[in-house]
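# A closer look at the structure
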Amino acid sequence: MASVKNVTLLHHIGGLQGKNVVILFGKTRAGKSTFINDAYGKKVVESTTSITSDTNEISYVNKPIPVDGLDVFLVDTIGLGGSGKDHDRGSFTLTWLSIFRPGKNRKTALKPTVKGILYFIDISDGAMGEENIRNLETFKALVGEEILESVAFVTTKWYTNAYQGARKRQENTFVGWAEKIRRDFPGASILRLDDNTGRLDEDDLSVLPPAERAKKEREYHHNAMRVLGQLLTKTATEPILAQKEMYAGGKRMKAGQTTLGRTTIRHLNDDIERTRDPTIINQLKQVIRVIKNTVMMKSFFSTGNNKEGR
């Protein structure tokens, strides 16, 4: 969860219209919030360090960070599926579609506010597995293919070469991820955040002597800024797929008609096929009904939160 004084909740992308926005995706504890703190060189959001801790809302840091002449706003997001504290896929889908639904000003609706996207991968997480594949499918259904040159997949939590056995396992995992990303996300970058330095968690960092801690923090800041600089060498000139689809679909378009909605429904139907629990089946069917019937121009959020620009 973010520190209230440093962030603003994002209910609609119109709140950042005309700004340079970088959105951070990934599973919980993949390093999104930690990356934001490293980029700013100080604690501006709460880092997720335990299985019970999580970023529960989508928010952006109020003060932009300068990156190669651009003032960049970083958006911290809820974790993707399989995070330990998992997020309902239906809620994830409707939330993001609501954020990117067309606003009142149709002239600016398709201007690319999102200049780049970072997708964080904990390289110590082990083999890719079905849940990670689902997450990639969900992500691609949201952003599409036309902005992939402005997408970077960022591997985190690398062991240093001093831990040879663990490092070798990570390198093998990286090969699998790289092959999948190059095949399914042509044009996207694959970056290593802390490949050479490793990354201590906050507890280990806090017990270091001040001079050594300061050195580590400078290294982490350099790593984060290097990734942002590489990402923004090719800023997006097109809106994401969900924005385009909802703009074209008009006022009556429903969530289930978008690529993201259809992908989520397919995942939920797969879950229905795998369980015999009637309660779970009914719950999943209800989520599918909601996705199919939600008209996006009416917004998933309640009336009090449905304000472009908030």
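Residues numbered from 1 in each chain as written. Predicted model: local features only at pLDDT ≥ 70, side-chain atom pairs only at ≥ 80, totals over all residues. Heavy atoms only, no water.

So, about the environment of Asn-6. Within the secondary structure layout, Asn-6 lies in the segment before β1 (7-9). A sequence separation of 56 residues divides Asn-6 from Asn-62, and the C-alpha atoms of the two residues are 5.8 Å apart. Apart from the residues lying within four places of it in its own chain, the contact partners of Asn-6 are Lys-43, Val-44, Tyr-60, Val-61 and Asn-62. At 3.0 Å, the side chain of Asn-6 and the backbone oxygen of Val-44 are in polar contact. (Helix = DSSP H or I, 4+ residues; strand = E, 2+ residues; numbered from the N terminus. Contact = heavy atoms within 4.5 Å. Polar contact = N/O pair within 3.5 Å; in protein donor to acceptor, adjacent residues only side chain to side chain.)

Within the chain, Arg-29 stands out as a residue other than glycine whose phi angle is a positive 70°. If you trace the backbone, Arg-29 turns up in the loop between β2 (20-26) and α1 (32-40). For Lys-157, which is not glycine, the phi torsion reads 65° and is therefore positive. One can find Lys-157 in the loop between β7 (151-156) and α4 (164-184).

The next thing to look at is helix α6 (residues 210-231). Its 22 residues place the ends of α6 32 Å apart at the C-alpha level, agreeing with the 32 Å of an ideal helix rising 1.5 Å per residue. Among the residues of α6, those classed as buried are Tyr-220, Asn-223, Ala-224, Met-225, Val-227, Leu-228, Gly-229 and Leu-231. (Expected span 1.5 Å × (residues − 1). Buried < 20%, exposed > 50% of the residue type's maximum accessible area, 1.4 Å probe, protein only.)

Once that is clear, we can look at the pattern of salt bridges. Counting across every chain of the model gives 17 salt bridges. Where Asp-271 meets Arg-134, a salt bridge forms, and the shortest distance between an N and an O atom there is 2.8 Å. With Asp-271 in helix α8 (residues 259-274) and Arg-134 in helix α3 (residues 129-143), this pair connects stretches of sequence that are 137 residues apart. Taking the shortest distance from any N to any O, the salt bridge between Lys-244 and Glu-238 comes out at 3.0 Å. (Salt bridge = Lys/Arg side-chain N within 4 Å of Asp/Glu carboxyl O.)

The subject of this paragraph is the nonpolar core. Ranked by size, the top nonpolar core spans 56 residues in total, and within it Phe-25, Trp-96, Phe-100, Ile-117, Phe-139 and Phe-153 carry the most contacts. The contact partners of Phe-100, leaving out residues within four places of it in the chain, are Ile-13, Ile-23, Val-114, Ile-240, Gln-243 and Met-246. (Core = buried A, V, L, I, M, F, W, Y, C linked by side-chain atoms within 4.5 Å.)

This part takes up the confidence of the model for the protein chain. A low pLDDT means the predicted coordinates there should not be read in detail. For the protein chain, the average pLDDT comes to 85, and 86% of its residues sit at 70 or higher. Here residues 49-54 is a poorly scored stretch, pLDDT under 50, and it has 15 contacts once near neighbours within four places are set aside; other chains count. Note on residues 300-310: pLDDT is under 50 here. Beyond four places in sequence and across chains, it has 28 contacts. (pLDDT = per-residue confidence, 0-100.)

Turning our attention to the packing of aromatic side chains. Considering all chains together, one arrives at 12 aromatic pairs under this definition. Residues Tyr-119 and Phe-153 carry aromatic rings whose centres are separated by 5.1 Å and whose planes lie at 45° to one another, so their mutual orientation is tilted. Here Tyr-119 is found in strand β6 (residues 114-122), whereas its partner Phe-153 is found in strand β7, with 34 residues between them in sequence. Phe-153 shares its class with Tyr-119; the two are buried. Taken together, a centroid distance of 5.7 Å and an interplanar angle of 55° make the contact between Trp-158 and Phe-174 tilted. A residue pair is termed long-range when its members are at least 10 positions apart, and Trp-158 in the loop between β7 and α4 and Phe-174 in helix α4 qualify at 16 residues. The class of Trp-158 is buried, set by a relative accessible area of 2%. Three or more aromatic residues joined by ring pairs form one cluster here, namely Phe-25, Phe-92, Trp-96, Phe-100, Tyr-119, Phe-139, Phe-153 and Phe-185. Its guanidinium or amino end placed over the ring of Phe-185, Lys-140 lies 5.4 Å from that ring's centre, counting from NZ or CZ. Taking NZ or CZ as reference, Arg-192 lies 4.2 Å from the ring centre of Phe-174, over its face. (Phe/Tyr/Trp six-rings, centres within 6.5 Å; stacked < 30°, edge-to-face > 60°. Lys NZ or Arg CZ within 6 Å of the ring centre and 35° of its normal.)

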